[in-house]
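What follows is each chain in one-letter form.
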Amino acid sequence: MYLFDMHTHCFPDALAPKALPRLAEISGCVYYGDGTYDDLCAKAAAAGCTGFMILHIATKPSQMHSVNNFAAACQKGNVYCFGSVFPTAENAIEELHRIKTLGLKGVKFHPDYQEFFVNDPAVFPVYEAAAALDLPVTFHAGRDPYSPNIVHCTPKMLAEISERFPTLRIIGAHMGGMEMDADVEKYVVGRPNIYVDTAFATRSLSPARCGELIRRHGVEKVFFATDFPWSTVDAERRLLEQAGLSSDELEQIYYKNVERFFGISLTA
Ligand SMILES: [Zn+2]
């Protein structure tokens, strides 16, 4: 069976040795790689991944251009990338068009690191443009160790965006809201235009709770993901294998939903 990891991270070689320890210190999280592209490829292959998505994040407007060029350079075979725009940047929409032209598969927002609330009307034109370009958007959703007290993307905000932008293809990372599963159940579960990824679900969900949320939301709208290097394929896969899902359901989550969502065919 193919296995596609929908949520991974890496950095340019020159930045990785500094960036990863710094992020680990800020977040208090341990990590399982050295943050480079080569390490990500090697670890994913060793863990049995057929392919993966790298989510890149520009943490200031001036980074957008280089981050998206790096993302484009990372794409090969079954390796795909989301680009990034700093949503309040003057040229955010221009960069969105460049992301599309570069052939990147979507856009990742990390509102904690990008310092905005996802339901701020100031960024709505960016969502509108993403919908028009048919660029899916992934939001870091729920709590983040970087900003434990202020949640910039709650499950309720995801629901608001999905109502306001019904054609925007939304992916709520971390099962739609890290450490906020009661709100995920209340606001996100069952919504037709919100997909979720399972990145770092081990941080706050038991296998049984994870399986329950997946079934109630709809197995066809769930992507397997790890958040590597912050978690591993083995750990996140073990959670799903124990979640009481059938092999047919796991097959959808592991790769079939990704193939359908992006219109791609993975190759062995
Ligand atoms: Zn992540």
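Residues numbered from 1 in each chain as written. Predicted model: local features only at pLDDT ≥ 70, side-chain atom pairs only at ≥ 80, totals over all residues. Heavy atoms only, no water.

A. Representation of unusual backbone geometry within the structure. The omega angle of the peptide bond from Phe228 to Pro229 is 10°, so this bond is cis rather than trans. Tracing the sequence through the fold places Pro229 in the loop between β8 (222-223) and α9 (233-241). Here Met175, not a glycine, exhibits a phi torsion of approximately 55°, which is positive. Structurally, the position occupied by Met175 is in the loop between β6 (170-172) and α7 (181-188). Even without being a glycine, Glu179 presents a positive backbone phi close to 60°. Within the secondary structure layout, Glu179 lies in the loop between β6 and α7. (Helix = DSSP H or I, 4+ residues; strand = E, 2+ residues; numbered from the N terminus.)

B. Structural detail: the sheet that holds β6. Spatial ordering of the open sheet is given by β4-β5-β6-β7-β8, a layout of five strands whose pairing is parallel. The open sheet has two edge strands with one neighbour each: β4 (107-109) and β8. As paired strands, strand β7 (residues 194-197) and β8 are joined by two bridges and run parallel to one another. Following the sheet pairing, Val196 is matched in β8 by Val222. (Pairing = 2+ DSSP bridges.)

C. Structural detail: the packing of aromatic side chains. In the structure shown here, the tally under the stated rule is 17 aromatic pairs. With 4.1 Å between their ring centres and 5° between their planes, Tyr113 and Tyr146 make a pair best called stacked. Of the two residues, Tyr113 sits in the loop between β4 and α5 (124-132) while Tyr146 sits in the loop between β5 (137-139) and α6 (155-164), which places them 33 residues apart along the sequence. Taking relative accessible area as the criterion, Tyr146 reaches 34% and is therefore assigned partly exposed. An aromatic cluster of three or more residues is present, and its members are Phe109, Phe116, Phe124, Tyr127, Phe139 and Phe165. The residue whose ring lies beneath Arg203 is Phe200, and the NZ or CZ to ring-centre distance is 5.7 Å. (Phe/Tyr/Trp six-rings, centres within 6.5 Å; stacked < 30°, edge-to-face > 60°. Buried < 20%, exposed > 50% of the residue type's maximum accessible area, 1.4 Å probe, protein only. Lys NZ or Arg CZ within 6 Å of the ring centre and 35° of its normal.)

D. Local environment of the pairing of strand β2 (residues 51-55). Most of β2 is tucked away, with five of its five residues classed as buried. Alternating positions in β2 separate into two faces, Gly51, Met53 and Leu55 on one and Phe52 and Ile54 on the other, with burial throughout. Relative to β2, strand β1 (residues 4-8) runs parallel, the two sharing three bridges. Bridge pairing in β2 places Thr8 opposite Ile54. Pairing geometry for β2 and strand β3 (residues 79-82), over four bridges, is parallel. Paired with Ile54 across the bridge in β3 is Cys81.

E. Quick peek at the packing of helix α4 (residues 92-102) against α5. Viewed as axis vectors pointing N to C, α4 and α5 meet at an angle of 20°, and their least axial separation amounts to 10 Å. It follows that α4 is roughly parallel to α5 by the angle criterion. α5 is crossed by α4, and the crossing has right-handed handedness. Only Pro125, Val126, Ala129 and Ala130 of α5 make contact with α4, whose side of the interface consists of Ala92, Ile93 and Leu96. The class makeup of the residues in the contact of α4 with α5 is seven nonpolar, no polar and no charged. (Axes fitted to C-alpha atoms, helices over the stretch in contact; angles between N-to-C directions. Parallel < 35°, antiparallel > 145°, perpendicular 65-115°, else oblique. Left-handed = near helix turned anticlockwise from the far one by under 90°. Contact = heavy atoms within 4.5 Å. Nonpolar A, V, L, I, M, F, W, Y, C, P; charged D, E, K, R; others polar.)

F. Up close: the coordination of the zinc ion. Within the protein, the zinc ion binds to His7 (NE2), His9 (NE2) and Asp227 (OD); these donor distances fall in the range 2.0 to 2.1 Å. Of note, the zinc ion draws all its donor residues from one chain, in the sequence arrangement H-x1-H-x217-D. Here His7 matches His9 in class, with each residue buried. (Donors = N, O, S within 2.8 Å, 3.2 Å for Na, K, Ca; no water.)

G. Up close: the nonpolar core. Ranked by internal contacts, the top residues of the largest apolar core, which has 87 residues, are Met6, Leu96, Tyr127 and Phe139. In terms of residue count, helix α10 (residues 247-262) provides more of this core than any other element does, seven residues in total. If we ignore the near neighbours within four places in the chain, the residues touching Leu96 are Val85, Val107, Val126, Ala129, Ala130, Leu133 and Leu135. In this structure, Phe11, Ala19, Met178 and Phe200 belong to the second largest nonpolar core, which totals eleven residues. (Core = buried A, V, L, I, M, F, W, Y, C linked by side-chain atoms within 4.5 Å.)

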